[in-house]
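Breakdown of the fold
Letter by letter, the chains look like this.
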Amino acid sequence: MSKFTGPVYVVRDNIDTDQIIPAQFLNLVPTIAEEYEKLGSYALNGLPNALYPVRFVKDGAMDTEFPIVIAGRNFGCGSSREHAPIALGAANCECVVAESFARIYFRNCIATGEVYPIECPERLCDIFKTGDLAEVDIDAGTIRHVATGKVYSLKPLGEVRPVIDAGGIFDYARKNGMMPKAA
Amino acid sequence: MTLTEKLLARAAGKASVQAGDNIWVNADVLMTHDVCGPGTIGVFKREFGKTAKVWDRNRVVIIPDHYIFTADSLSNRNVDILRDFAREQGLPYFYDVIDDPSGAWKFDAAKGNLKRQFGSNYAGVCHAALPAKGHTRPGEVLFGTDSHTCMAGAFNEFATGIGNTDAGFVMGTGKLLIKVPETMRFRLEGKLQPGVMAKDIILHIIGEIGFDGATYRAMQFDGSGIATLSMDDRMTIANMAIEAGGKNGIFPFDARTAEYVNARTGLNGTKQSYEPVEADADQKFVYETVVDLSKLEPTVACHPDPGQRKTAKELSHLKLDRAYVGSCTGGKTSDFVEFARVLRGKKVVIDTFGVPATPDIVRDLQSTRWGHQTIWQILEEAGVRMTENAGCAACLGGPVDTFGRMNQGGLKCISATNRNFPGRMGSKESEVYLASPATVAASALTGRVTDPREYVGN
Ligand code: SF4
C-alpha cells in the first residue's frame, strides 16, 4: 500500500512509549493473537486526558478511527518495547508522520512492519488538527491537507521502505534469500 | 576510530568502519526479561520453528525483573513462559524467581510486599544483575530487549536496546544488522564536590544537549575525571544515554573495570577472557564538550521529560508528595549509602520508598553496619518503606498493585530513577522529578526539593 486517506490524530513533541502503550498493559504478549488485539485497544491510552480530550481509540472500541498519526519531535522515545508500534498497528493505524523519531521506535516499526514511520521536515503538528482529513502518498512522498488543499513533502523512506512493504525483517530476509523460507 | 567504531568493526570482522555504515555484527550476549521475553520467544518460534534451538545457549541470558511482585495473573504467567523456554533450551543463565524448574510462579499478596518472596537464583533488575552475575565484559557486544541495556557501556562494551523482533532474529542467528552511530564525546575533568553524584553529571549533560540530543548517536565518556568515578557511578551515567536518545554510552577500560569484571565473572563462573578496546589517536566526533565535574551542582530533571534541567536550589519552592530510591540507575548499594548518609538519625516527612535493584544489594544493606545499626535499619528508622523484593517496582508503574506505584493523579514524586514522562510511575496525571539519591533524601526530609549539600556539609 502506498496511499492512506482519513482523519489524522495530532500529538505534540516527545510522545514516549509509556504514552503510546502504558506500562500496565505490558503484561500482554504481542505474539498471542488475542493479546495483540487488546494491545491495539490501548494504543495512545497514556496521553493525559486533559491535553488530549479526544481519545485515539474510543472507550470500548478495538480499533482507531484515525489511520494517520501526526506528531512533533522525538516520537516514540523511552523504552525499547515493541508493544508500541504493535499497539498502533493492531489499532489499524497505518502510518505516523513526525518531525523526528526516537531510534529504537523507528527501528521497531521497520522490524515489525506494523506502521510506516515517516519524517516530515515541516512541523505538521502545528498545521493539522485532530480530525482533519489528510492523504498520505508514500510513492509521491507527500501529505495533503484535504480541506486547504496544501501539500507538504515527506522525507523519503529510502532503504527501510522495502522492509516494511514486505511485512518486517523476517519476511524481507526470506524474500531476499537471506534466510530459509518459512520454518 | 572512536571506542564504539572500533568495537563494532571488531564485532563485524572488519579492519575499520565509519559512522553511517550498515554492518552485520556478532552478538556476544543477548539479554531479555519478563516483559519482552515472551514476545521475543514468540517471534523466535514463529520464525525459526517450534523445535528451533537458540544460536548459543551460553549467550542467552534471561532475567525476570519487571512485573514480578504482583498478583496480576498474566504477569505471573509471563515468568512461567520464560521458565518453560529456559528448560526446553537448557539455558544455564536463567535467573528464575523460584527454585523449582518445573514449578509455577505466584506472588502471594497476603504476605505483603516488604518481605522477600523469591528463591535462591533470582537476580533482580536485569541491568544491575548482568554485571553482578558476570555477563558484562569489555570489548563485547550486548543486545538486550530493554532500552537501558546501554548501562553496560560502563564496562567498555557496546550495549544497546532492541525490540522483540530484532531480538528474535538474534536468538536464532547470533547476528544483527546495525548502523554504526556517530560519536559524541563528553570529556569529564576534575572531581565532584561532596553531595554531588554521578546522577547529577548525566542529568546535567542531558539538560545540555536535550532529550533527543544524542538520537542515533554513541555517547563516549572519557577524560581524566573518569578515574574518580566508581563502576556504580559509570553505570548510572551510561544507563541514561538513552534518555538523550543515544544508541549507546561507552567508557574507556581501566584498572577499576578489570577489578570489577574479573571478580564478578570469577564468582559466577562465566567466561573470564575479554579484550578491551582503546580509542585511536585519530577519533572523529560530531560533538565534543568538556564537563568540569567540580562545578556541577545537585541537578533535577523536571516533569515531563529528562531534559527539563534545573538545579535543586532553583526548585526549593516545589512541594512534593513522595520520594523514591530504586531502579537500575539509582538502586545500587552506593545509591542507598548516600541515601542513608543524608537520612541517618532524621525522619522523612513524605511517603518514601526504597527498592534495591538486586537481592545482593538487599544483603549488602542488611549486613553493612554503621555503629550499632545496619544501613537497612537506619533507612527504616528514618521512615523509609524498604522492600526486600528487589526489582523494577514502580520505576515504570507496572500493574496497579506494584510497590510504590502512584495510583492517584496529582501526586509529585522525586525519584532516583531514570525516566519521567507522563505516567511513568503510575497515574498519567502524576509528576516525576528525577534527581540523585542524595537529593531525593534531602527532599524527603523537607517535603520540598532540597539541595543535599545542606545536609552533607561542605
Ligand atoms: S529499573 Fe526501571 S529503568 Fe531499570 S530496567 Fe527496570 S523498569 Fe527499566
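Scroll up a little and you will see the structure.
First things first, this report covers the structure right here in the doc.

About the criteria used
Residues numbered from 1 in each chain as written. Chains lettered and ligands numbered in written order. Predicted model: local features only at pLDDT ≥ 70, side-chain atom pairs only at ≥ 80, totals over all residues. Axes fitted to C-alpha atoms, helices over the stretch in contact; angles between N-to-C directions. Helix = DSSP H or I, 4+ residues; strand = E, 2+ residues; numbered from the N terminus. Parallel < 35°, antiparallel > 145°, perpendicular 65-115°, else oblique. Left-handed = near helix turned anticlockwise from the far one by under 90°. Contact = placed C-beta atoms within 7 Å. Nonpolar A, V, L, I, M, F, W, Y, C, P; charged D, E, K, R; others polar.

The next point concerns the packing of helix H2 (residues 37–48) of chain B against helix H3 (residues 73–89) of chain B. Residue and element names in this part refer to chain B. It is at 9 Å that the axes of H2 and H3 come closest, and there the two elements cross at 45°. Regarding the angle of H2 to H3, the classification is oblique. Note that H2 runs across H3; the crossing there is left-handed. Counted together, Gly37, Pro38 and Ile41 of H2 and Asn78, Ile81, Leu82 and Phe85 of H3 form the full contact between these two elements. When the residues that make up the contact of H2 with H3 are grouped by side-chain class, the tally is five nonpolar, two polar and no charged.

Taken together, the contact between chain B and chain A spans 45 residues of the former and 35 residues of the latter. At the level of secondary structure, the elements contributing two or more residues to the side of chain B that touches chain A comprise H2, H3 and helix H5 (164–173) of chain B. It is H2(B) that contributes the most residues to the side of chain B that touches chain A, seven residues altogether. Partitioned by chemical class, the residues of the side of chain B that touches chain A number 17 nonpolar, 16 polar and twelve charged.

All names here are of chain B. For the pair helix H10 (residues 333–343) and helix H13 (residues 437–446), interaxial distance at closest approach is 8 Å and the crossing angle is 30°. In terms of orientation, H10 lies roughly parallel with respect to H13. Between H10 and H13 lies a crossing of right-handed hand. Within the contact between the two elements, H10 uses Asp335, Glu338, Phe339, Val342 and Leu343 and H13 uses Pro437, Ala438, Val440, Ala441 and Ala442. For the contact of H10 with H13, the per-class residue count stands at eight nonpolar, no polar and two charged.

Take it as geometry only, folks, not as evidence of what the structure does.
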